[in-house]
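Understanding the architecture of this molecule
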Amino acid sequence: MAPSSVIRYADGDEEEWPIQADLLRAASARPRPSLQRPSYFFEGLRAQAFWPRESFPKVVALLEACASELSEEVQSLLEDALSSESGEEPPRTKRRRGIEGAEGRPDDRSSPWQPQGEGLHEGVWLKLELWARGGPLASGKAAPKTRAAVAACMSTGEAMAVPPGRAALSYMMCGAHVKPHCGPTNHRLRLHLPLLLPSPQMTGLTVAGEARAWDLHRCLIFDDSFEHEVQLPPLSREDALSDARVVLLLDLWHPDAGGHWQTKHPDSATKEEAAKASCGSKLHKLCQKERNAPESMRTRCEV
């Protein structure tokens, strides 16, 4: 059984990380650079705010190949939420109330969309969790194609299938502001795949003082252990779809993380197989084809 240590987050949540306790103690005791302040700082890992897409060719190729299909699923999911709240009103013109309620919270606590609870933001910011604690989550059944894509990514070796690796759909409306903060560790990176944007390109993300735009259906990868902030442009139509920014959030192994970190939980493979069985096989076949192809035949990801 892989060694692990229990980590407690600022909001009181706890989970086990499959990392030896002595490595974790050393990482928590080391000084941090001024703009990179994770709770656990592991030495020997390259420090850069943004990472090129070709560093993760399997995950990038898999996600971008199915991005249009995932966008359709997310839009349908949001329209259904609005339709159930607002009766006969056409989905495209429905206002924000149907998704997040009067105070930025889901009207129905059984909704797969739940509020972010870190107390870091102003405006509307919801999440639909797909993967955490080493396996798929029940809430992800609301978006089966997206859940299948995440499960496929977990089999590539590039995505972080064990804690603190997570995957979720992140929904914000224009006008939202997430205050500057740092992620918990520098041995993971974070991928954003924009699935819904008010326009094909949208500004709003700043990492270590460097601003980058989201491009629809194009992966953006950054190190969230650096101080980062989100400031979306003001509302234009106050429409829950037209003013929506939805990204698929997926955590990746830092390319320099070795065997000390990349140890699977004993049940992670079982959970991964269960996700494949429940979500269908189309995306997993795409992933397997990519993995088994000769190097010269594999998908090339342009920077």
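Up top you'll find the structure we're talking about.
Just so it is clear, the model here is predicted, and its values are computed rather than measured.

Turning our attention to the pattern of salt bridges. Here the structure, examined in full by the defined rule, presents 15 salt bridges. With a shortest N-O distance of 2.7 Å, Asp224 and Arg188 are connected by a salt bridge. Here the residue Asp224 occupies a position in the loop between β13 (220–222) and β14 (228–231), and Arg188 occupies one in strand β10 (residues 188–196), the gap between them amounting to 36 residues. For Asp224, a relative accessible area of 3% puts it in the buried group. A salt bridge links Asp251 to Arg190; the nearest nitrogen and oxygen atoms lie 2.8 Å apart. Taken together, the residues span a long stretch of sequence, with Asp251 in strand β15 (residues 244–253) and Arg190 in strand β10 at a distance of 61 residues. The buried category is assigned to Arg190, whose relative accessible area is 15%. Members of the salt-bridge network, linked through shared partners, are Asp13, Glu15, Arg133 and Arg166.

It is worth spelling out the nonpolar core at this point. Counting residues in hydrophobic clusters, the biggest one holds 45 residues, and the most contacted among them are Leu63, Leu169, Tyr171, Leu191, Leu248, Leu250 and Leu252. Breaking this core down by element, the ones donating at least two residues are α2 (57–65), α3 (67–86), β6 (125–132), α5 (144–154), β8 (167–173), β10 and β15. Met172, Met202, Val230 and Leu232 belong to the second-largest nonpolar core, a separate cluster that totals 18 residues.

Calculation criteria
- Residues numbered from 1 in each chain as written.
- Predicted model: local features only at pLDDT ≥ 70, side-chain atom pairs only at ≥ 80, totals over all residues.
- Heavy atoms only, no water.
- Salt bridge = Lys/Arg side-chain N within 4 Å of Asp/Glu carboxyl O.
- Helix = DSSP H or I, 4+ residues; strand = E, 2+ residues; numbered from the N terminus.
- Buried < 20%, exposed > 50% of the residue type's maximum accessible area, 1.4 Å probe, protein only.
- Core = buried A, V, L, I, M, F, W, Y, C linked by side-chain atoms within 4.5 Å.

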